[in-house]
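Chain residues, written in single-letter form:
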Amino acid sequence: DAKTTQPPSMDCAEGRAANLPCNHSTISGNEYVYWYRQIHSQGPQYIIHGLKNNETNEMASLIITEDRKSSTLILPHATLRDTAVYYCIVKAPNAGGTSYGKLTFGQGTILTVHP
Amino acid sequence: ETGVTQSPTHLIKTRGQQVTLRCSSQSGHNTVSWYQQALGQGPQFIFQYYREEENGRGNFPPRFSGLQFPNYSSELNVNALELDDSALYLCASSRMTGPETEAFFGQGTRLTVV
């Protein structure tokens, strides 16, 4: 699985957009970009994933560059409850791939949302 | 709230003992993965079970073993516990067939080895 690089920490004001960057310059053509977050030793929570196109759901938006070497997770209106460790993960496909669907977690980005 | 449940939530064991942790997967999922998360670190992949067989393993010794049952639930067994086995153990369920879908995690079991 390709390795990802994230800033160790970021701050954001409540109500503002939080933009979390991730570099994955060695990503392969069939690998997905996944984002999870973890709040204070709870189980990781799925946020969003994408392959090539930008994706949006009720939690966030995922912007993937055209060359797929980097991506940005956007939380449009951050709240205090969004304070967490955010993990960017590059993963082989679950089905039909050459690898099983394991998630390789790095250190993540600690996002702190301030009042 | 995910449909993945783990038991027990907390556990204290003595070095050298054996422990069994349990996980029930989300409805519609056929794959269970286990992760170990030491304090201050990201989760580390232990192994994955699909169709009741281990089909992938991380860098963990054989004293870490598992089972998957016909209903897709799973157990993680750790023999000869060491102090360094103290960690949060996470279970994730997913689907290995069909369109790409996300894995959902349980809330974990906090294991303390003394």
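Residues numbered from 1 in each chain as written. Chains lettered and ligands numbered in written order. Predicted model: local features only at pLDDT ≥ 70, side-chain atom pairs only at ≥ 80, totals over all residues. Heavy atoms only, no water.

## Side note on the overall build of chain A
For chain A, the count of helices and strands is 0 helices and 9 strands. Along the three orthogonal principal directions, the C-alpha set of chain A runs to about 45 × 30 × 25 Å. Buried positions account for 44% of the 115 residues belonging to chain A. Across chain A, every contact between residues at least 6 apart in sequence was considered, and the portion connecting residues at least 24 apart equals 57%. Total accessible area on chain A is roughly 5,600 Å²; 50% of this is exposed by carbon and sulfur atoms. (Helix = DSSP H or I, 4+ residues; strand = E, 2+ residues; numbered from the N terminus. Buried < 20%, exposed > 50% of the residue type's maximum accessible area, 1.4 Å probe, protein only. Contact = heavy atoms within 4.5 Å. Areas by Shrake-Rupley, 256 points an atom, 1.4 Å probe, with all protein chains shown as cover.)

## Digging into the nonpolar core
Tyr36(A), Trp34(B) and Leu76(B) are the most contacted members of the largest nonpolar core, which totals 36 residues. Of all hydrophobic cores here, the second largest spans 21 residues; its members include Cys12(A), Trp35(A), Ile48(A) and Tyr86(A). (Core = buried A, V, L, I, M, F, W, Y, C linked by side-chain atoms within 4.5 Å.)

## Details of the environment of Ala38(B)
Within the secondary structure, Ala38(B) is located in the loop between strand S4 (31-37) and strand S5 (44-50). Put simply, Ala38(B) and Pro61(B) are 23 residues apart on the chain and 16 Å apart in space, counted from C-alpha to C-alpha.

## Focus: the pairing of strand S8 (residues 84-91) of chain A
Residue and element names in this part refer to chain A. Of all the 8 residues making up S8, 7 are buried; the element is thus mostly covered by neighbouring parts of the structure. With 3 bridges joining them, S8 and strand S9 (residues 109-114) adopt antiparallel strand pairing. Among the inter-strand pairings, valine 85 is bridged to a residue of S9, identified as isoleucine 110. (Pairing = 2+ DSSP bridges.)

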